[in-house]
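Structure assessment
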Amino acid sequence: MNSLKDKVAVSTDAIYVILGASGNTGSIIADFLLSKGKKVRVVGREAGRLERFVRQGAGAFTGDVSDAATLTKAFSGARAAYLLLPPITSREDQERESDAIAKAVRESGLGYAVYLSSYGAHVPEGTGPVTGLHSAEQKLNAIGGLNILHLRAAYFMENNLAAISMIQGMGIFGHALLPDLKLPMTATRDVGAYAAQRLLDLDFSGKQTRELLGERDLSMAEATAIIARGIGKPDLRYVQFPYDQVRQVLEQMGMPPKKAAVYIEMFNAINTGVLAAQEPRSRENTTPTSFERFVQDVFAPAYNGKARAA
């Protein structure tokens, strides 16, 4: 009877730590766990962006994911954590960040973690930013006693928001990806919802991976046609740009040359099939939000809001 009481006490008093709590996936996880009455610690770089979680009862830790000391404090005494690397600034930074996270996980004795990775993270090199996610998976897998679930998420639907200025300015959707190559695309809200439920359930052990492949595979030409209908621009077409042209555009947008080169490497890996899903599509790895729904809920409002602001 005592052991059952102890078990209940552990589950109700469990602390969950969320890295990137103000981001697309982290915010959904934090809101979900707080709505379930769970004890949550949110971690982020800006205290102001964590304030809304604090008002709901969360504890807040302000710091960078490359700060192992802060992360160790945040993880101490926690039952489980949501782990991720921030958007890439450089491959060197990715390694520093994953080193710090792994060190903090090890030193704090964290028992469970869900880590946001990417489809294609099984490939050790040549995949741009995904190479850093592979490296982080390896570091976390080397930690004895850690039960970890690597979520290998598909290409984010939100990546397409970067095309809004081009659509408004040039009337086309241009990218380096092949027009007719079908790839899995998922909404970040679905990834957040899936991660939140697995953190709540803690129904995994050892070192596991799960791909999240979106509602269905889509080509860029198909995605552009859906965007065209959603924003009332039936003549919108997709144009594949040469890698050099895309790199120049990225640099003109203020991206450092080394970072731009890393993204070109990823686009090439997608086009050549190096970066591809490994799991057959199933009920478990298919997520609910269709691209049509994403355009209706996210893309069209962002497009129209930017048009109004201009």
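Since this is a predicted model, take the numbers as computed values, not measurements. (Residues numbered from 1 in each chain as written. Predicted model: local features only at pLDDT ≥ 70, side-chain atom pairs only at ≥ 80, totals over all residues. Heavy atoms only, no water.)

On to unusual backbone geometry. Non-glycine residue L202 carries a positive phi angle of around 45°. One can find L202 in the loop between α8 (188-201) and β10 (207-212). (Helix = DSSP H or I, 4+ residues; strand = E, 2+ residues; numbered from the N terminus.)

With that settled, consider the sheet that holds strand β5 (residues 112-118). The parallel open sheet is built from seven strands, whose spatial order is β3-β2-β1-β4-β5-β6-β10. On the outer flanks of this sheet lie β3 (59-62) and β10, each paired with one strand and no other. For this sheet, the mean inter-axis angle between neighbouring strands, taken without regard to orientation, is 15°. Here strand β1 (residues 15-19) pairs with strand β2 (residues 39-44) via five bridges, running parallel. (Pairing = 2+ DSSP bridges. Axes fitted to C-alpha atoms, helices over the stretch in contact; angles between N-to-C directions.)

Turning our attention to the environment of L85. Relative to the elements of secondary structure, L85 occurs in the loop between β4 (80-83) and α5 (91-108). Residues L85 and G20 lie 65 residues apart in sequence; the distance between their C-alpha atoms is 8.3 Å.

Let us look at the pattern of salt bridges. Applying the stated rule across the entire model yields 18 salt bridges. The residue E95 makes a salt bridge to R91 at a minimum N-O spacing of 3.1 Å. Here the residue E95 and the residue R91 both occupy positions in helix α5, the gap between them amounting to four residues, near one helical turn. In this structure, the salt-bridge partner of R216 is E292, at a minimum N-O distance of 2.8 Å. In this pair, R216 sits in the loop between β10 and β11 (217-218) while E292 sits in helix α12 (residues 291-309), placing the two residues 76 residues apart along the sequence. For R216, a relative accessible area of 27% gives the class partly exposed. (Salt bridge = Lys/Arg side-chain N within 4 Å of Asp/Glu carboxyl O. Buried < 20%, exposed > 50% of the residue type's maximum accessible area, 1.4 Å probe, protein only.)

Okay, the environment of V130 next. When you line up the elements, V130 lands in helix α6 (residues 129-141). With 16 residues separating them along the chain, V130 and V114 place their C-alpha atoms 17 Å apart. Setting aside residues no more than four positions away along its own chain, V130 makes contact with S118, Y119, G120, A121, M266 and L275. (Contact = heavy atoms within 4.5 Å.)

Moving on: the packing of aromatic side chains. As enumerated under the stated definition, the model contains four aromatic pairs in all. Between Y112 and F204, the aromatic rings sit 5.6 Å apart at their centres with planes inclined by 80°, giving edge-to-face as the arrangement. A residue pair is termed long-range when its members are at least 10 positions apart, and Y112 in strand β5 and F204 in the loop between α8 and β10 qualify at 92 residues. Take Y112 and F204: they sit in the same class, and that class is buried. The interplanar angle of 40° and the centroid separation of 5.6 Å between the aromatic rings of F291 and F294 together place this pair among those described as tilted. Of this pair, F291 and F294 both sit in helix α12, three residues apart, which is roughly one turn of that helix. F291 sits in the buried class, given a relative accessible area of 1%. (Phe/Tyr/Trp six-rings, centres within 6.5 Å; stacked < 30°, edge-to-face > 60°.)

Moving on, we get to helix α4 (residues 68-75). Burial runs high along α4: six of the eight residues are buried. Burial in α4 covers these residues: A68, T70, L71, T72, A74 and F75. Where α4 is buried, its residues touch β1, β2, β3, β4 and α5. One or two positions beyond α4, positive phi appears at G77, with a value near 80°.

The subject of this paragraph is α6. Since one α-helical turn is 3.6 residues long, residues separated by three or four positions face the same way. For α6, which comprises 13 residues, the first-to-last C-alpha distance of 19 Å matches the rise-based estimate of 18 Å (1.5 Å per residue) to within 8%. With eleven of its 13 residues buried, α6 lies for the most part within the structure. Every buried residue belonging to α6 is among P129, V130, T131, G132, L133, H134, S135, A136, E137, K139 and L140, and all of these are buried. The inward-facing, buried residues of α6 abut β4, α5, β5, β6 (147-153), β10 and α11 (257-271). (Expected span 1.5 Å × (residues − 1).)

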